[in-house]
Amino acid sequence: MDWSKIKTIFIITFLILDVYLLYQFMKIRDANKYEVISEASFEEKLKADEITYKDFPKDPIQAQYLSAKPKVFTQVDTDKLKGKSEDIRGTGTTTLHVILEKPIKITAKFEPAELSTFINDNVLFGEDYQYGEKSDKDQSITYFQTAENVPLFKNINGMITFKIGDKNQIVSYDQTYLVEMEKLTAKEEILAPLKAIETLHQKGMLKSKSNITTIELGYSTLIQLAASQVLAPTWRFEVDGKESLFVNAFEGQIIQFNSDEKSKVE
């Protein structure tokens with residue numbers, strides 16, 4: 001056996017392996033460097049446009065798709081409300097309409113705490129809702145149902161809508177509620193908030209000098225069927241304390257809500 005030849009072969013083999021490993025290292029380093037440069041460049045664009053945003057989690061966040069069904073309210077449900085309301089309608093349907101026996105006075109600058117006690121003590125499943133938005137145009141205050149400890153944004157099958165009457169008083173409310181919440185997939189990493197902001201910026205949804213005052217993770221309806229729906233993780237960005245913009249946290253699509261449906265913008 002020629003040991004000198006074997007030794008030479010080993011040396012050449014290790015040299016080739018070293019060259020290959022060096023090549024792979026350089027590729028990874030360049031890729032990481034490009035990613036950092038790209039992120040830094042986008043942040044510079046935001047700075048140039050004078051767009052500011054609230055701090056958000058830097059660590060990766062995981063979420064999953066969910067499914068749910070609208071609850072049909074029964075006589076048992078409405079019986080729980082008797083004696084506290086003037087009129088209750090909706091037995092056998094997915095929308096409960098309640099007219100209050102005693103209207104609730106609210107302030108001109110409404111704060112969610114003003115309705116907290118009433119919701120917790122008098123509304124069915126009240127602990128499963130959180131404040132969503134107030135509309136001066138519609139004279140209403142909306143609370144969103146929650147799942148996985150986050151809100152279901154603008155879900156017509158999971159919300160409470162309080163109607164504001166004369167003298168700035170809550171006179172009635174409509175309630176819907178989702179049940180049979182199930183996890184459809186295992187948890188996986190979602191889109192980072194900065195990437196979602198980049199999508200909004202690229203689509204011209206963020207004007208110069210905008211201030212993103214709130215960044216919140218929740219769910220929105222991805223697929224609406226007759227008897228059920230699929231929910232997808234969704235980022236909500238509140239701009240200048242007024243407008244809310246939504247981005248699918250898995251697919252990166254901008255979500256636009258209408259009165260009873262939503263459409264997506266690529």
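No experiment lies behind these values; they were computed from the predicted model shown. (Residues numbered from 1 in each chain as written. Predicted model: local features only at pLDDT ≥ 70, side-chain atom pairs only at ≥ 80, totals over all residues. Heavy atoms only, no water.)

Looking at unusual backbone geometry
Moving on, step 1. In the Ramachandran plot, Gln139 falls in the positive-phi region, its phi being about 55° despite a non-glycine side chain.
Moving on, step 2. The residue Gln139 is located in the loop between strand S6 (129-135) and strand S7 (140-147) in this model.
Moving on, step 3. Of note, the phi angle at Glu148 is positive, near 55°, even though the residue is not glycine.
Moving on, step 4. Note that Glu148 resides in the loop between S7 and strand S8 (150-151). (Helix = DSSP H or I, 4+ residues; strand = E, 2+ residues; numbered from the N terminus.)

Concerning helix H4 (residues 193-202)
Moving on, step 1. Counting buried positions over the 10 residues of H4 gives seven, a clear majority of the element.
Moving on, step 2. For H4, the set of buried residues is Pro193, Leu194, Ala196, Ile197, Thr199, Leu200 and His201.
Moving on, step 3. Gly204 sits one or two residues past H4 and shows a positive phi near 75°. (Buried < 20%, exposed > 50% of the residue type's maximum accessible area, 1.4 Å probe, protein only.)

Points about the nonpolar core
Moving on, step 1. Within the largest apolar cluster, 33 residues are counted, with the highest numbers of intra-cluster contacts made by Ile197, Leu206, Trp235 and Phe237.
Moving on, step 2. Looking at this core, the elements that each hand over two or more residues are helix H1 (3-48), strand S3 (66-70), H4, strand S13 (211-224), strand S14 (229-239) and strand S15 (243-248).
Moving on, step 3. Ranked by the residues each element gives to this core, the list is headed by S14, at six residues.
Moving on, step 4. Apart from residues lying up to four places away in sequence, Ile197 is in contact with Phe42, Leu46, Tyr53, Leu206, Ile212, Ile215 and Phe237.
Moving on, step 5. Listed in part, the 22 residues of the second largest apolar core include Ile106, Tyr143, Ile160 and Phe162. (Core = buried A, V, L, I, M, F, W, Y, C linked by side-chain atoms within 4.5 Å. Contact = heavy atoms within 4.5 Å.)

Description of empty space enclosed by the protein
Moving on, step 1. This structure, assessed with the given rule, holds one cavity of 30 Å³ or more.
Moving on, step 2. In this structure, the largest cavity spans a volume of roughly 30 Å³.
Moving on, step 3. Lining the largest cavity are Leu81, Lys84, Ser85, Leu100, Phe118, Asn122 and Tyr173.
Moving on, step 4. Here the lining of the largest cavity is composed, by residue class, of four nonpolar, two polar and one charged. (1 Å grid on protein atoms, 1.4 Å probe; cavity = no way out; pocket = protein on both sides within 12 Å on 5 of 7 lines; lining within 4 Å. Points joined across faces, edges and corners; volume = space filled by probe spheres on them. Nonpolar A, V, L, I, M, F, W, Y, C, P; charged D, E, K, R; others polar.)

Structural notes on the environment of Thr185
Moving on, step 1. Tracing the backbone shows Thr185 in the loop between strand S11 (178-183) and strand S12 (188-189).
Moving on, step 2. A relative accessible area of 30% means that Thr185 is categorised as partly exposed.
Moving on, step 3. Distance from Thr185 to Ala63, taken between C-alpha atoms, is 9.1 Å for residues 122 residues apart in sequence.
Moving on, step 4. Apart from the residues within four sequence positions on either side, Thr185 is in contact with Gln64 and Tyr65.
Moving on, step 5. From its side chain, Thr185 meets the backbone nitrogen of Tyr65 in a polar contact 3.1 Å long. (Polar contact = N/O pair within 3.5 Å; in protein donor to acceptor, adjacent residues only side chain to side chain.)

With respect to the pairing of S6
Moving on, step 1. Where S6 and S7 come together, six bridges link them in antiparallel fashion. Note that in S7 the partner of Tyr131 across the bridge is Tyr143.
Moving on, step 2. Counted between consecutive antiparallel strands, the loop separating S6 from S7 contains four residues, among which Gln139 sits at a positive phi close to 55°. (Pairing = 2+ DSSP bridges.)

A closer look at helix H3 (residues 113-122)
Moving on, step 1. The set of residues buried in H3 consists of Leu115, Phe118 and Ile119. Seen end-on, H3 carries its buried residues on one side only, within an arc spanning 100°. Of the residues in H3, the exposed ones pointing more than 90 degrees away from the buried face are Ala113, Thr117 and Asp121.
Moving on, step 2. On the buried face of H3, the contacting elements are strand S5 (96-105), S7, strand S9 (159-164) and strand S10 (169-175). (Arc of directions from axis to C-beta.)

Structural notes on the layout of surface pockets
Moving on, step 1. When its volume is computed, the largest pocket comes out at roughly 920 Å³.
Moving on, step 2. Glu133, Phe144, Lys154, Phe257 and Asn258 are, among the 41 residues lining the largest pocket, the residues nearest its centre.
Moving on, step 3. When contributions to the lining of the largest pocket are tallied by element, the ones reaching two or more residues are S6, S7, S9, S13, S14, S15 and strand S16 (254-257).
Moving on, step 4. The biggest single contributor to the lining of the largest pocket is S6, with six residues.

Quick word on the packing of aromatic side chains
Moving on, step 1. For the structure on display, the rule yields 13 aromatic pairs.
Moving on, step 2. Between Tyr65 and Phe250, the ring centres sit 4.8 Å apart and the planes meet at 45°, which makes this aromatic pair tilted. Residue Tyr65 is located in the loop between strand S2 (62-63) and S3, and its partner Phe250 is located in the loop between S15 and S16; the two are separated by 185 residues in the primary sequence.
Moving on, step 3. Every member of this aromatic cluster is reached through a ring pair, and the members are Phe110, Phe118, Tyr131, Tyr143, Phe162 and Tyr173. (Phe/Tyr/Trp six-rings, centres within 6.5 Å; stacked < 30°, edge-to-face > 60°.)

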